[in-house]
Amino acid sequence: MSAIMNAIIPRGGAFGPGAADFDLLPRAEAYIGAFNPLVRMGFPFLLRYIEYGALFSAGKRLTRMSDEEATAYLDTFEESRLYYRRTIALMLKMVTMLAFYDIDENAALIGYSHLGHVGGKKKGRAVGRTRAKTVKR
Amino acid sequence: MEKTGIIRQFRDYTGRVAEECDVCVIGTGAGGAVAAKELAERGLTVVVLEEGGYFTPRDWDGKPVRSLTTMWRDGGLTATMGNPPVSVTLGKCIGGTTAINSATCFRTPDAILKKWQTLLGLDNLTAENLEPFFTRVEKEIHVTTLSWDVLGNCARIIKRGCDRLGLHCRPLRHNVRECVGAGTCQFGCTDGAKQSTDITYIPKAVAAGARVYANCRAEKLVIRKGTVRGVRAALVDPSRGDRKAYPMEVSCRTVVVACGTLITPQFLRKSGVRNRHIGRHLQIHPAGRVCAIMKEKVEGWKGVSQGAYVDDYHDEGIALEGIFIHPSMMLSAMPGIGKKHKELAVRLPYIAAFGIMIHDSTEGRVYRWRPSRLIMSKYLIQRDDMEKFKKALAYTARIFFAAGAEKVFTGISKMPWLESMEDAERLLTMKVRPSHLEILAFHPLGTCRMAARRDDGVVDGSGEVFGVKNLYVADGSVVPTSLGVNPQVTIMTLATYIAGGIAKKFGK
């Protein structure tokens, strides 16, 4: 998963930091942990499919590739004519980007400021909190 | 006699729970929360079961990761099988999907009500009869029209494009109070401005004495001699994948099932309810989004997430409605891996987005309950709906180009990027297959549809299940057909109507 995340958001390019500069796995695991149990069970098999599938198309396992090679390999998923391969790319991108841009500093690198435009206006109002009430009949 | 209303959640449970009440309501979304409040306020004892957890605005940070893992069902990965599979947004928390929707409000169109009367004999559901219920709901959730200054730049850009093309872009109506345009509607409104049912109906239900059990999954109805007698449920541990921790039994005189369109049919079947329409007639309002790279700064996250709409194509079954969500989700759906992704990502402040929604005629299906609690459903988009979808993308692209867009992304794998108005025109006549499309859905409806006769539906005009006394359904599954507009108010109105009928039966 780390290799995939490093390929999706590598170091360098339009902004310096990449996935490798942060400990994203706990966030990714928290998100994957919310999947349905069957889907969650299938995720490691998906990763193995990607890891060993690279042997056939690129001659080496994903985790043995450089970031550029891994990016090029994952590109073939995103640009595939086959819907399931495009869906795999989408899912991996979502897991990676949810983890990466969840960190405010990373979101700021692309110009996004979370709730910055509303400042301190009415944050965390105590609405919806219900206390036990006694209703007399 | 004193009655205590309360919300309990997993940390409050210490063992088996047994409850007794007049009415057990299953679900706290647009249907269940409304039914609970309406019945409790009329003096009935109400117990409410909710599978998800209980959260308040203080628990949310407005970012996707925390919300997807706590408030959305299955991390947002619920999908129908089909070509293509369709991702369906479902909430799983107190508030249900109303806690994660875009707060958009429409009444049921008159033409749809007439269709229900003609096709399904629902002569009770006229605009005139439902008017007081619509009004009641809209007052309860504070439906209002926001000013343009909180609607965000995406809405303003689309308005500019519409003005140049002679189309009409208007502000949507939202159920909000003092909305400042934080733009986190789908991941928890951090200000508590969105008047979802956890903010409105549930506190009122509790104030009227309802006892709400969060982290409580209804497992089966108890039906004896054609009458519902109670519910068997499981109190679940959210830290252990919702594994059952303790059993719960509710003895009651009436049950209102409001688990949502994709779960209610499975639940009814598992409980032994038989009707050939259960699980059929699934309609979802297939949706998509179009993103445009503009020359001007947009900063689309500043403002209401779904601010405005264009209904000039209503007669074609197409609605265009705004949508702008957190960059992590938006950018993941746009092309680019590695440095190509980064080059696009830094242009985020210049990216605008708008959504499309189809009034579908395709009907899908929800299948029987499976042990993994995986929702098994199928939706195979038909050719005419697919054509509408493609046209909607093209119309939106046209509007963006008229507004000055440099490039437009449609999500169609065959032609993802459009570079000019001519490309948008070409898209209108291009041959597209379902597998080329990325389809989302936020409004599943119809799987336990209401009808006057048992041969045509699952519940009658009062919401009672044919063949099972005192068992009612009051969620999106009873909405007989696709609406062509956001269904929140329709579901709440029907739930209010159904609850009124139940209360009358109790003499309240």
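Worth saying up front: this structure is predicted, and the values here are computed from it rather than measured.

Moving on, we come to the packing of aromatic side chains. Evaluated as defined, the whole model comprises 15 aromatic pairs over all chains. With centroids separated by 5.0 Å and ring planes inclined at 90 degrees, the aromatic side chains of phenylalanine 100 of chain A and tyrosine 101 of chain A adopt a geometry described as edge-to-face. Relative accessible area serves as the criterion here: at 1%, tyrosine 101 of chain A is assigned to the buried category. For the pair phenylalanine 133 of chain B and tyrosine 497 of chain B, a centre-to-centre distance of 5.3 Å together with 75 degrees between the ring planes defines the contact as edge-to-face. Here phenylalanine 133 of chain B is found in helix H4 (residues 127-140), whereas its partner tyrosine 497 of chain B is found in helix H12 (residues 488-505), with 364 residues between them in sequence. Members of the aromatic cluster, joined through ring pairs, are Phe15, Phe22, Phe100 and Tyr101 of chain A.

Moving on: the confidence of the model for chain A. Residues and elements named next belong to chain A. Of the residues in chain A, 86% reach a pLDDT of 70 or more, and the chain-wide mean stands at 84. Ranking the helices and strands of chain A by mean pLDDT puts helix H1 (residues 2-8) first, with 95, and strand E1 (residues 133-136) last, with 30. Long-range and interchain partners of residues 121-137, a stretch whose pLDDT sits below 50, account for 59 contacts in this model, where long-range means more than four residues apart.

Moving on, we get to the interface of chain B and chain A. Listed by partner, the interface residues are 75 residues for chain B and 63 residues for chain A. Counting each side, the surface lost to burial between chain B and chain A is near 5,900 Å², with a carbon and sulfur contribution of 60%. By the criterion of area lost to chain A, the three top residues of chain B are Val65, Ile337 and Lys342 of chain B, representing 13% of everything that side buries. Run the count over chain B and chain A and you get 3 salt bridges. Across the salt bridge formed by aspartate 75 of chain A and lysine 340 of chain B, the nearest N and O atoms sit 3.6 Å from each other. Applying the counting rule to chain B against chain A returns 17 residue pairs in polar contact (both at pLDDT 80 or more). Residue assignment for the side of chain B that touches chain A shows that the elements contributing at least two residues are strand E1 (2-8), helix H2 (64-70), helix H6 (201-207), helix H8 (327-333) and helix H9 (339-345) of chain B. A per-class count over the side of chain B that touches chain A returns 34 nonpolar, 24 polar and 17 charged.

A few words now on the pattern of salt bridges. Residue and element names in this part refer to chain B. Under the counting rule described, the total for this entry stands at 36 salt bridges over all chains. Residue glutamate 249 pairs with arginine 16 through a salt bridge whose shortest N-O separation is 2.4 Å. Of this pair, glutamate 249 sits in strand E12 (residues 243-257) while arginine 16 sits in the loop between E1 and strand E2 (17-26), and the two are 233 residues apart along the sequence. Overall, the relative accessible area of 54% leaves arginine 16 in the exposed class.

With that out of the way, let us pick up a positive patch on the surface. Residues and elements named next belong to chain B. A contiguous patch of positive charge, built from Lys220, Arg224, Lys225, Arg229, Arg232, Lys270 and Lys469, is present on the exposed surface. Mapped by element, the contributors of at least two residues to the positive patch are strand E10 (216-224) and strand E11 (227-237). Examined against the element boundaries, arginine 232 turns out to sit in strand E11. For arginine 232, a relative accessible area of 45% gives the class partly exposed.

A word on the state of the cysteines. Residue and element names in this part refer to chain B. Under the criterion given, the structure shown has 0 disulfides over all chains. In this structure cysteine 216 is not part of a disulfide, and its nearest cysteine sulfur, from cysteine 24, lies 7.9 Å away. Counting only cysteine sulfurs, cysteine 448 is the nearest neighbor of cysteine 259, a cysteine outside any disulfide, at a range of 9.5 Å. We classify cysteine 259 as partly exposed; its relative accessible area is 23%.

This part is about the packing of helix H10 (residues 383-402) of chain B against helix H11 (residues 421-429) of chain B. Residues and elements named next belong to chain B. Viewed as axis vectors pointing N to C, H10 and H11 meet at an angle of 170 degrees, and their least axial separation amounts to 9 Å. Taken as axis vectors, H10 and H11 run roughly antiparallel relative to one another. Note on element contacts: H11 touches H10 through Met421, Ala424, Glu425, Leu427, Leu428 and Thr429, opposite Lys390, Lys391, Leu393, Ala394, Tyr395, Ala397, Arg398, Phe401 and Ala402. Its residues assigned to classes, the contact of H10 with H11 comprises 10 nonpolar, 1 polar and 4 charged.

Criteria and cut-off values
- Residue indices follow the written sequence of each chain, beginning from 1 at its first position.
- Labels are handed out in written order, letters beginning with A for the chains and numbers beginning with 1 for the ligands.
- Reporting of local features is limited, given that this is a predicted model, to residues whose pLDDT is at least 70; pairs of side-chain atoms are given and counted only at 80 or more, and all residues count toward the totals for whole chains, interfaces and linings.
- Side-chain numbers come from the whole structure's heavy atoms, not from hydrogens or water.
- Note on aromatic contacts: the rings of Phe and Tyr and the six-membered ring of Trp form a pair at centre separations within 6.5 Å, being stacked when their planes are under 30 degrees apart, edge-to-face when over 60 apart, and tilted otherwise.
- Burial classes: relative accessible area under 20% of the type maximum marks a residue as buried, over 50% as exposed, and values in between as partly exposed (1.4 Å probe, protein chains only).
- Secondary structure is summarised from DSSP: a helix means a run of H or I of at least four residues, a strand means a run of E of at least two, and numbering begins at the N terminus for each.
- What pLDDT expresses is the predictor's confidence in each residue, scored from 0 to 100.
- Pairs of residues are marked as contacts when any of their non-hydrogen atoms sit within 4.5 Å.
- Put simply, buried area is the surface a 1.4 Å probe can reach on two separate parts but cannot reach once they are joined, added for both.
- Each reported salt bridge corresponds to a side-chain nitrogen of Lys or Arg within 4 Å of a carboxyl oxygen of Asp or Glu.
- Residues adjacent in sequence count toward polar contacts only when both atoms are side-chain atoms; beyond that, a polar contact is any pair of N or O atoms within 3.5 Å, and within protein one must be able to donate a hydrogen and the other to accept it.
- Residues are grouped as follows: Ala, Val, Leu, Ile, Met, Phe, Trp, Tyr, Cys and Pro are nonpolar; Asp, Glu, Lys and Arg are charged; all remaining types, including Gly, are polar.
- Two joining distances apply to patches: 9 Å for like charges and 5 Å for nonpolar side chains (Val, Leu, Ile, Met, Phe, Trp, Tyr), and every residue must have over 30% relative accessible area and no salt bridge.
- In short, Shrake-Rupley with a 1.4 Å probe defines the accessible areas, and a residue's cover is counted only from the protein chains shown.
- Charge assignment: positive for Lys and Arg, negative for Asp and Glu; neither His nor the chain ends contribute.
- Charge positions are represented by NZ for Lys, CZ for Arg, CG for Asp and CD for Glu.
- Cysteine sulfur atoms are paired as a disulfide whenever they come within 2.5 Å of each other.
- Convention adopted: a line fitted to C-alpha atoms gives each axis, helices being fitted over their contacting stretch, and angles between N-to-C directions are expressed from 0 to 180 degrees.
- Any angle that is under 35 degrees is reported as roughly parallel, and any over 145 degrees as roughly antiparallel; angles of 65 to 115 degrees are reported as roughly perpendicular and all others as oblique.

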